[in-house]
Amino acid sequence: EMLRSLVGSEMCIRDRITYVQKRKMSKESLDRLESLPELFKERLYFEHKFGYLKELLIADDGSSYKSKVKIEDKFEVVDDTDVAGYNKIEKTTKHVQSTFYKRNEDNLLLLEKGTSDNVNVIKEKLHTFNWTLTKEKKEINGNVCYKAYTKDFKGRKVSAWYNPEIKIKNGPLEYGGLPGLIVELSTKSFNIKLKNLKILEENTSIIEFPSTLNAITFIAYDKKYNRKKGGLGMYKRKTTTTERSGY
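S.K.: Can you lay out the overall build of the protein for me, pointing to particular residues and giving the numbers?
M.R.: Scanning the protein from N- to C-terminus turns up four helices and 15 strands. Sorting the 247 residues of the protein into buried and exposed places 47% on the buried side. Considering only contacts in the protein between residues 6 or more positions apart, those separated by 24 or more positions represent 60%.

S.K.: Requested: an account of the pairing of strand β7 (residues 108-115), with residues and values cited.
M.R.: Most of β7 is tucked away, with seven of its eight residues classed as buried. For strand β6 (residues 97-103) and β7, the ladder comprises seven bridges, and the chain directions are antiparallel. Paired with Q97 across the strands is G114, a residue of β7. Between the end of β6 and the start of β7, which pair antiparallel, lie four residues, with N107 showing a positive phi angle near 55°.

S.K.: Describe in detail the pairing of strand β12 (residues 181-186), supporting the description with residues and values.
M.R.: With six of its six residues buried, β12 lies for the most part within the structure. Bridge count for strand β11 (residues 157-163) against β12 is five bridges, and the pairing is antiparallel. Counted as the bridge partner of Y162 is I182 from β12. Here β12 pairs with strand β13 (residues 190-199) via three bridges, running antiparallel. Directly across from S186, in β13, lies its bridge partner N191. Here β12 folds back onto β13, and the loop between the two strands holds three residues.

S.K.: Explain the side chain of N163 to me, using residue names and the numbers behind them.
M.R.: Inspection of the secondary structure assignment puts N163 in strand β11. A relative accessible area of 2% means that N163 is categorised as buried. Among all residues touching N163, those that are not within four sequence positions of it are N143, V144, C145, P179, G180, L181 and V183.

S.K.: How would you sum up unusual backbone geometry? Please name residues and give values.
M.R.: The phi dihedral of N107 falls on the positive side, at around 55°, and the residue is not glycine. Residue position: N107 is located in the loop between β6 and β7. One non-glycine residue, N141, lies in positive phi territory at about 55°. Its location among the elements puts N141 in the loop between β9 (132-140) and β10 (143-151).

S.K.: Give a description of the packing of aromatic side chains that names residues and reports values.
M.R.: One pass over the structure, following the stated rule, counts nine aromatic pairs. Between the aromatic rings of W131 and Y175, the centroid separation amounts to 6.4 Å while the plane-to-plane angle is 65°, which identifies the pairing as edge-to-face. Taken as a pair, W131 in the loop between β8 (118-125) and β9 and Y175 in the loop between β11 and β12 lie far apart in primary sequence, 44 residues in all. With respect to class, W131 is no different from Y175; both count as buried. Of the aromatic side chains, those joined through ring pairs into one cluster are F46, F50 and Y52.

Conventions and cut-offs
Residues numbered from 1 in each chain as written. Predicted model: local features only at pLDDT ≥ 70, side-chain atom pairs only at ≥ 80, totals over all residues. Heavy atoms only, no water. Helix = DSSP H or I, 4+ residues; strand = E, 2+ residues; numbered from the N terminus. Buried < 20%, exposed > 50% of the residue type's maximum accessible area, 1.4 Å probe, protein only. Contact = heavy atoms within 4.5 Å. Pairing = 2+ DSSP bridges. Phe/Tyr/Trp six-rings, centres within 6.5 Å; stacked < 30°, edge-to-face > 60°.

Here is the structure:
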């Protein structure tokens with residue numbers, strides 16, 4: 001266990017599943033975009049309107065869920081006008097990348113979260129979601145899927161559509177545990193839809209799980225960055241770098 005914590009671990013990939021993840025934004029949130037620095041506004045709007053491709057990689061004893069394409073930081077010199085209470089306009093936008101790892105062997109959820117120069121590993125026990133299965137069904141990509149709902153760790157409603165014909169009890173973000181693959185997921189922050197599924201004939205790739213030696217809890221992470229509820233996922237602190245939550 002200590003060796004795994006020091007160097008992480010690896011597992012061969014069995015399934016490769018692609019989703020489109022879009023950020024939910026109310027009219028009020030969209031209106032507030034106008035008060036934000038241009039690059040930050042551009043990135044949030046793109047995520048809301050078009051979404052980013054995410055990839056769920058599944059191995060025999062775990063999985064990872066991350067951006068399919070690396071989103072590069074953007075740099076731009078802007079004016080010095082005060083915006084949204086900040087004393088200094090941001091000159092860069094650093095994209096906060098989030099990768100979710102589910103490690104079944106020791107029932108761990110690992111979240112690797114941070115910018116290109118500041119990454120944190122958050123470690124918690126995998127949560128067992130109490131799903132309510134319904135008889136409501138609809139056709140998605142030619143397959144009959146069924147609706148289920150649960151609550152997230154803050155008690156907010158989460159709904160999902162799953163395909164019982166695909167015997168993969170997994171899904172985007174930290175979610176899973178339904179009697180079939182989650183093909184659509186709706187949380188407070190995101191709408192996520194399946195784009196394609198590829199079952200690999202050979203295990204030619206691996207999932208590299210991060211080391212947990214310096215891992216912290218979600219509570220410790222929130223305290224570290226003085227995160228507060230609400231808003232656009234912005235950290236409530238003055239900074240010369242625009243950061244936003246990736247999940």
